[in-house]
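What the coordinates show
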Amino acid sequence: MVEDPGGMLKLTGDGETTSPVTDSRLENKMDTQSGFKEAVKMLNTLQSNAQTIQKIRKERDSLANLNIPNMVKYAERAGISLDDIDSLNVIHVSGTKGKGSTCAFTESILRQYGYNTGFFSSPHLVEVRERFRINGTPLSREKFAHYFWDVYHKLEASKQQHNGAMPAYFAFCTIMAFHVFLQEKIDVAIVEVGIGGQYDSTNLIQKPVVCGVTSLGLDHTSILGNTIEQIAWHKAGIFKPGVPAFTVPQVSPALQVIKDRAQEIGCPIHKILPMQDLDIQGRTLELGIAGTMQKVNAALAMQLSKTWLEKRRDNLRKEDKELGVKNGIHSAVPEAGDSSPFIQECEKFAVTEEMSQGLARCSWAGRNQCIKKHRLTYYLDGAHTLESIQQCVEWFQAVSAQEAEKIRGKVVKVIIFNTTGDRDPSVLIAPLTDCQFDLVAFCPNIAFSDRNTLDLTNNTVTTESQHSRCLLNKECWTKVYMLRREGETLLDNVTNHTSKRTLHNGDSNGHEPNKRLRTDHGDISQSENQNSGLSNDVSIDQSVINGESDAAKILKSNEQSNCDSPSKLTNEPDFIAEVFPSIYDAVKWAVQGRDPLVEDDQKLDLNEIPKDLRDPAHIQILITGSLHLVGGVLRAVGPEYNS
């Protein structure tokens, strides 16, 4: 594909090129493109390599407490003081699931009130400049390059006096975000925590206006710990003395830790009201981001916005103590010795027109997102925890079924899946198998197998380890699917037990399933498979094989023997499973030639796809398991992203 920066060149009927802009403007545009690429290249050099990451993880407990002092030093070297950061009127949000959506809703609401907003988020989907938004819009490539070099040159010039120390990738982005917000003279900064909270790079914020905690779950366990209590401890680490904080409903162990930490820090803490309990003043609240969990995120966003507006409106009155009592904030500091996980709920408040419009107009790519094309629909959701995957399945099953009802002829369902890091693939895979996909594609978070993509470069893992993970994901998928199917057969013979989900074999019309299983695809060599460290005995979390606890106890011994002895899985799965070397290759296979944005000179070989799955009336493709995967697909197929 010929690259045309900005789409300025046009072809005439005889193949000549014309330009509606002057040569100098085209030159400036190309200079901007080049400057942006150079900045991203330099930023990528701040990523730690895979070996360093492993060492950091082993030493995390001893080094973690140095992170915030180091961040303060980096900020000072960049000419940014802690008072400068506090002057940004920060809203600081931590959590496991939904913190990006909550921040996006909050930003959109405050923009409706007429405030100039800054929003720092992570990770990015397509280009790193998405992490830095001013009034809802990512930084332009030109501004990104300008601000990047501003900060980089200051840090580079002072590194010799600091033993050559330079911030790592995310730490640099955090410092750069504060620099951008100060230069752009925003009214409010909405800052999403990266990982955890207590030792996260964003936690050099000393005096935020308000803090929020979204839904908690098990994620990044190698860094934060493998219990919900340990994770809650980290997330509540963003609390500050006297600064109001709000949490969504949590499981009791997490609430207890949040309450204890609030008491320890001296932070007023409240639990938000559900959206349905608010005074919506006769309005029908519409959310710009799809998904049932977004109601919880939107409710938290409205509470954070309301509190910020009240503090902003009254901060000149210097009546903080009185204001705290009036707003039900001061009395919410937990009392010492209170061992109950009960946290006081917020007072009911009226939803304003600005809040309503902010929720409706909010846009957040890669979360419950649909891209419809001719005879083809992409469903994108960056879910990567059990709870978010369960919500993703609920969303996908509902919207894909609604679409399928309107289509005459066969609809083929495809999933492109990847999961990374320390996440157990079986935990995420189990709910997804309920969707009964015809085709299953696995690929690493590598955009193209034959060229590099700067914004998706990841030096923290090796290419070999990414490919090996895909092979593991495929093997887990097959075994989880087969174990759940065999478990369903057993459960049919079990009476007087709690309800269970039915796992359908065959399609909705009762047709017999096709018994299929394909070998791996593409440039992943057999030797790589042999050397990947994978065995035939894939470890699968048995608690997620069958949904109900009673049934799980009955099936436990049978499933374990099956998992340990793959040969006992005698029935072949009724789906095609393939492993691909890149996102582009996986998408090209999934769309069967229907998307012109993923066409190239290589002929598409459909022989791997059974005839009854070729050329259907419509193809539905779910992309999930990783935000980086979703970003790679958006780059390939999103009209506004593809270039």
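Residues numbered from 1 in each chain as written. Predicted model: local features only at pLDDT ≥ 70, side-chain atom pairs only at ≥ 80, totals over all residues. Heavy atoms only, no water.

**Side note on the overall build of the protein chain**
So the rule is basically this: Counting from the N terminus, the helices are DSSP H or I runs at least four residues long and the strands are E runs at least two residues long. Categorising residues by exposure relies on relative accessible area from a 1.4 Å probe, with only protein chains included: less than 20% of the type maximum marks a residue as buried, more than 50% marks it as exposed, and the intermediate range marks it as partly exposed. Accessibility throughout is a Shrake-Rupley quantity obtained with a 1.4 Å probe, and a residue counts as covered only by protein chains that appear here.
The helix and strand tally for the protein chain stands at 21 helices and 16 strands. Across the 643 residues of the protein chain, 53% fall into the buried class. Counting only carbon and sulfur atoms, one obtains 47% of the accessible surface of the protein chain, whose full area is about 29,000 Å².

**Thoughts on helix 12 (residues 294-314)**
Given 3.6 residues to a turn, an α-helix orients residues that are three or four positions apart in the same direction. Put simply, the rule reads: A helix's residues, less one, multiplied by 1.5 Å, set its expected span.
With 21 residues, helix 12 should cover 30 Å at 1.5 Å per step; its first-to-last C-alpha distance of 30 Å lies within 8% of that length. Within helix 12, 15 of the 21 residues are buried, which leaves it mostly tucked inside the rest of the structure.

**Thoughts on the sheet that holds strand 12 (residues 376-380)**
What counts, and what does not: Two strands qualify as a pair provided DSSP detects at least 2 bridges between them. Angular values range over 0 to 180 degrees, each being the angle between N-to-C directions of two axes fitted as lines to C-alpha atoms, with helices fitted over their stretch in contact.
Pairing within the open sheet is mixed, and its 6 strands lie in the order 11-12-16-13-14-15. With partners counted over all chains shown, the strands left at the sheet margins are strand 11 (369-373) and strand 15 (576-579), one partner each. Ignoring which end each strand starts from, the neighbouring axes of this sheet average 15° apart.

**Looking at unusual backbone geometry**
Cis geometry marks the peptide bond from serine 122 to proline 123; its omega dihedral reads -10°. With respect to the helices and strands, the residue proline 123 is situated in the loop between strand 4 (117-120) and strand 5 (132-134). Of note, the phi angle at asparagine 89 is positive, near 55°, even though the residue is not glycine. Mapped onto the elements, asparagine 89 comes out in the loop between helix 5 (82-86) and strand 3 (90-94).

**What about the pairing of strand 12?**
For strand 12, the tally of buried residues reaches 5 of 5 residues, placing the bulk of the element in the interior. Here strand 12 shows no split at all, with Leu376, Tyr378 and Leu380 on one side and Thr377 and Tyr379 on the other all buried. Inspection of the sheet shows strand 11 paired to strand 12 by 5 bridges, in the antiparallel sense. Note that in strand 12 the partner of lysine 373 across the bridge is leucine 376. Connecting the antiparallel pair strand 11 and strand 12 is a turn made up of 2 residues, with arginine 375 showing a positive phi of about 60°. One ladder, built from 5 bridges, connects strand 12 with strand 16 (residues 618-624); its direction is parallel. Of the residues in strand 16, the one forming a bridge with tyrosine 378 is isoleucine 621.

**Regarding the nonpolar core**
Inclusion rule: Nonpolar core, defined: a set of buried Ala, Val, Leu, Ile, Met, Phe, Trp, Tyr and Cys residues in which side-chain atoms within 4.5 Å join the residues together. By the convention used here, residues are in contact when the closest approach between their heavy atoms is within 4.5 Å.
Core analysis: the biggest nonpolar cluster contains 44 residues, and Leu43, Phe144, Phe172, Met176 and Phe181 have the highest contact counts within it. Every element with two or more residues in this core is listed here: helix 1 (23-44), helix 4 (67-77), strand 5, helix 7 (141-158), helix 8 (169-184) and strand 7 (188-192). Tallying contributions element by element places helix 8 first for this core, with 11 residues. Those residues in contact with phenylalanine 172 that lie beyond four places of it in its chain are Leu43, Leu46, Phe148, Val151, Tyr152, Leu155 and Pro167. If you look at the next biggest cluster of nonpolar residues, it comprises 37 residues, including Tyr378, Ala447, Ile576 and Ile609.

**A look at the sheet that holds strand 6 (residues 137-138)**
Strand order in the open sheet formed by 8 strands is 6-5-4-7-3-8-9-10, with mixed pairing between adjacent strands. Edge strands, defined here as strands with exactly one partner in the open sheet, are strand 6 and strand 10 (269-271). Pairing of strand 9 (residues 245-247) with strand 10 involves 3 bridges; the strand directions are parallel. Bridging from a neighbouring strand, threonine 247 pairs with lysine 271 of strand 10.

**Notes on the packing of aromatic side chains**
Put simply, the test is: For Phe, Tyr and Trp, where Trp contributes only its six-membered ring, two rings pair if their centres lie within 6.5 Å, and the inter-plane angle classes them as stacked under 30 degrees, edge-to-face over 60, or tilted in between.
For the structure on display, the rule yields 23 aromatic pairs. Arranged with centres 6.0 Å apart and planes meeting at 75°, the rings of phenylalanine 442 and tryptophan 477 form a pair that is edge-to-face. One end of the pair, phenylalanine 442, is in strand 14 (residues 439-442); the other, tryptophan 477, is in helix 17 (residues 463-491), with 35 residues separating them in the sequence. Using a relative accessible area of 0% as the deciding quantity, one classes phenylalanine 442 as buried. The rings of Phe36, Phe120, Phe132, Phe144, Phe148, Trp149, Tyr152, Phe170 and Phe172 are connected pair by pair, giving a single aromatic cluster.

**Description of the environment of asparagine 89**
A C-alpha to C-alpha distance of 8.6 Å links asparagine 89 and isoleucine 190, two positions 101 residues apart in sequence. Apart from the residues lying within four places of it in its own chain, the contact partners of asparagine 89 are Asp187, Val188, Ala189, Val209, Trp308 and Arg312.

**Remarks on the pattern of salt bridges**
Here is the rule we go by: In the sections that follow, a salt bridge refers to a side-chain nitrogen of Lys or Arg positioned within 4 Å of a carboxyl oxygen of Asp or Glu.
Across all of its chains, the model carries 16 salt bridges by this definition. Note that aspartate 615 and arginine 594 form a salt bridge whose closest N and O atoms lie 3.4 Å from each other. Placement of the pair is aspartate 615 in the loop between helix 20 (583-591) and strand 16 and arginine 594 in the loop between helix 20 and strand 16, with a sequence separation of 21 residues. A residue is classified by how much of its surface remains accessible, and aspartate 615, at 57% relative accessible area, is exposed.

**Brief notes about the state of the cysteines**
To be explicit about the condition: When two cysteine sulfur atoms are found within 2.5 Å, that pair is recorded as a disulfide.
Considering all chains together, one arrives at 0 disulfides under this definition. No disulfide involves cysteine 435; its sulfur sits 7.4 Å from the nearest other cysteine sulfur, which is in cysteine 392. Given a relative accessible area of 1%, cysteine 435 falls into the buried group.

**Description of helix 8**
Spanning 16 residues, helix 8 covers 22 Å between terminal C-alpha atoms, matching the ideal 22 Å at 1.5 Å per step. Burial analysis of helix 8 places 13 of its 16 residues in the buried class, which makes it a mostly covered element. Looking one or two places after helix 8, you find lysine 185, whose phi comes out positive at around 55°.

**Focus on the side chain of aspartate 200**
Using the following cut-off: For the purpose of charge, His is not counted, nor are the chain termini; Lys and Arg are scored as positive and Asp and Glu as negative. Any N or O atom pair separated by 3.5 Å or less is treated as a polar contact, with the protein-specific requirement of one donor-capable and one acceptor-capable atom, and with residues adjacent in sequence counted only for side-chain atom pairs.
If you trace the backbone, aspartate 200 turns up in the loop between strand 7 and strand 8 (210-213). We note that aspartate 200 is buried and unpaired, the nearest opposite charge coming from lysine 235 at a distance of 8.2 Å. In terms of polar contacts, aspartate 200 uses its side chain to reach the backbone amide nitrogen of isoleucine 195, at 2.9 Å. Within the local environment of aspartate 200, its side chain forms a polar contact with the side chain of threonine 202, the two groups lying 2.6 Å apart. Those residues in contact with aspartate 200 that lie beyond four places of it in its chain are Asn67, Ile68, Phe170, Val193, Gly194 and Ile195.

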